[in-house]
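Survey of secondary and tertiary structure
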Amino acid sequence: MELIWLVLLVIVFYFGLFHRGSWVWTKPVVREKGTADGSLPYGFTDVPAMRLSGLSLKVATHLSNTIFGQLILVPLIMRMTNITLLRRLVIPEDPVFIPVVVPESNIEPPREGRSDSILNEVLQLSVTEERPGFNFKSISDFLEGYKSGKITPTQVAKNIISALEDADQAVTPLRAIVQYEGDEIIKMAEASTARYRANASLSPLDGIPVCVKEEIKVVPYYHRVGTVYLGKERETEDATVTRKLREAGAVIIGVSNMHELGLGITGCNVNRYHGVPRNPYSPHHFTGGSSSGSGAAVAAGLCPLAIGSDGGGSVRIPASFCGVVGLKVTFGRISTIGSHPLSYSTVSLAIRN
């Protein structure tokens, strides 16, 4: 009789703690329409969440797939961390795949006029008096120099190429721009210089140095997205945003570094094609990510404008770390065609200056 009880105990112990399976029955949660629960407070509170790594993470993962885990451990952790709150919430809106902005009733009518004229107005508002000490050159400064003839896009391009070479050869390489070709930069700059001499500039971005995140396709560079296994061949077609920059006359100085596949907020990338980008204000500090190179390039004065992408802070975080301005534009406002679909429902291309 004791042997039978022992066998039963072993079977229960095995199926409860060792046998993995997803066949444990759980009550389905049905979402109901209604009004939001106004009694639920908004804010951050401390919860007794456990930190798991290494062996403890492996054990917890195994147990969570057992009968014991499905009936006891997982519900206990959900209650401890207050995740069960999500099951009690009533969300009045229907779920959507992409962000949908409901226009406000008092919204102003859209402005009439060409985008060039509106951009010129914005640039005029951004003009500030020069302060003592070092000052970065803004887009307005470049335009004033080009129109007055004090400097040309070609001269600026040569200075940038020299700065890029110096940054790569430094004891601690900056690694903001990971792909660039001097001939390509000079070709775009010389075309812009000729247009200014003929008084036929294309837009307020004509001749302005710009870098583009490696997540976005730029001819003739590799579309690696921060990895060593993507983008085995050079691109032959620009992304839409890249094409728009070329049509506006911008001088694309290269492709900027990024966190591998955009999966990180530090910007640290140790891949052989990239290297860790350095914060220009303190080389031993992170740039933030994932648009790390774009933030570092602007902060280092390589260009006054950079293109990145932002789903959960990938432009805003590097901007804050590097002391520059980053803007995540409205979802869908800028075409993402030609950008690697890392998180289609949240990512929008963004700008930094």
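Residues numbered from 1 in each chain as written. Predicted model: local features only at pLDDT ≥ 70, side-chain atom pairs only at ≥ 80, totals over all residues. Heavy atoms only, no water.

1. Some remarks on the overall build of the chain
Scanning the chain for helices and strands turns up 11 helices and 6 strands. Counting only residues that meet the buried cut, the chain has 36% of its 353 residues in that class. Pairs at least 24 apart in sequence give 70% of the contacts found in the chain among residues at least 6 apart. Of the roughly 22200 Å² of accessible surface on the chain, 60% is carried by carbon and sulfur atoms. (Helix = DSSP H or I, 4+ residues; strand = E, 2+ residues; numbered from the N terminus. Buried < 20%, exposed > 50% of the residue type's maximum accessible area, 1.4 Å probe, protein only. Contact = heavy atoms within 4.5 Å. Areas by Shrake-Rupley, 256 points an atom, 1.4 Å probe, with all protein chains shown as cover.)

2. Let's talk about the pairing of strand S4 (residues 305-310)
The two faces of a sheet get side chains in turn, since along a regular strand they alternate between them. Within S4, 6 of the 6 residues are buried, which leaves it mostly tucked inside the rest of the structure. Side chains Leu305, Ile307 and Ser309 of S4 all project onto a buried face; the interleaved residues Ala306, Gly308 and Asp310 project onto the opposite face, where all are buried too. Strand direction decides the pairing type here: strand S2 (residues 209-213) and S4, joined by 3 bridges, are parallel. By the bridge assignment for S4, Val210 is matched with Leu305. (Pairing = 2+ DSSP bridges.)

3. Examining the nonpolar core
Within the largest apolar cluster, 48 residues are counted, with the highest numbers of intra-cluster contacts made by Ile253 and Leu302. Broken down by element, the residue count for this core peaks at 6 residues, all from helix H7 (residues 153-169). With sequence-adjacent residues up to four places away left out, Leu302 is seen in contact with Ile160, Ala163, Leu164, Leu174, Ala176, Ile177, Pro209, Ile253 and Ala297. (Core = buried A, V, L, I, M, F, W, Y, C linked by side-chain atoms within 4.5 Å.)

4. Notes on helix H9 (residues 240-247)
Here H9 has its buried residues at Thr240, Val241, Thr242 and Leu245. With its phi angle positive at about 90 degrees, Gly249 sits one or two positions after the end of H9.

5. Topic: the packing of aromatic side chains
The final tally for this structure, using the stated rule, is 2 aromatic pairs. Put simply, the rings of Phe142, Tyr146 and Tyr196 touch in pairs and so form one group of aromatic residues. The aromatic ring of Tyr273 is capped on one face by Arg224, whose charged end is 3.7 Å from the ring centroid. The ring of Tyr273 is capped by Arg272, whose NZ or CZ atom sits 4.9 Å from the centre of that ring. (Phe/Tyr/Trp six-rings, centres within 6.5 Å; stacked < 30°, edge-to-face > 60°. Lys NZ or Arg CZ within 6 Å of the ring centre and 35° of its normal.)

6. Quick notes on the confidence of the model for the chain
Scored by pLDDT, the chain comes out at a mean of 84, with 79% of its residues at no less than 70. Within the chain, the lowest mean pLDDT, 66, falls on helix H1 (residues 2-17), and the highest, 98, falls on strand S3 (residues 251-256). (pLDDT = per-residue confidence, 0-100.)

7. Concerning the pairing of S2
Among the 5 residues that make up S2, 5 are buried, leaving the element largely enclosed by the rest of the structure. Across 5 bridges, the pairing between S2 and S3 is parallel. Bridged to Val210 within S3 is Ile252. Taking the sense of rotation as the criterion, the β-α-β connection linking S2, H9 and S3 turns out right-handed. (Right-handed = clockwise from strand over helix to strand, strands pointing away.)

8. Describing the packing of H7 against helix H8 (residues 182-197)
For the pair H7 and H8, the least separation of the axes is 7 Å and the interaxial angle reads 160 degrees. Comparing the axis directions of H7 and H8 gives the class roughly antiparallel. Regarding H7 and H8, the two cross each other, and that crossing is right-handed. For the pair H7 and H8, the contacting residues are Pro153, Thr154, Ala157, Lys158, Ile161 and Leu164 in the first and Gly182, Ile185, Ile186, Ala189, Glu190, Ser192, Thr193 and Tyr196 in the second. (Axes fitted to C-alpha atoms, helices over the stretch in contact; angles between N-to-C directions. Parallel < 35°, antiparallel > 145°, perpendicular 65-115°, else oblique. Left-handed = near helix turned anticlockwise from the far one by under 90°.)

9. Description of the pattern of salt bridges
Between side chains of opposite charge, a pair can form as their charged atoms come close. Taken as a whole and assessed by the stated rule, the structure comprises 9 salt bridges. A salt bridge links Glu235 to Lys217; the nearest nitrogen and oxygen atoms lie 4.0 Å apart. Of this pair, Glu235 sits in the loop between S2 and H9 while Lys217 sits in the loop between S2 and H9; the two residues are 18 residues apart in sequence, bridging distant segments of the chain. Residues Asp310 and Arg316 are paired through a salt bridge, measuring 2.8 Å at the closest nitrogen-oxygen approach. (Salt bridge = Lys/Arg side-chain N within 4 Å of Asp/Glu carboxyl O.)

10. Some points on the side chain of Thr154
Tracing the backbone shows Thr154 in helix H7. Of the residues examined, Thr154 reaches a relative accessible area of 12% and is grouped as buried.

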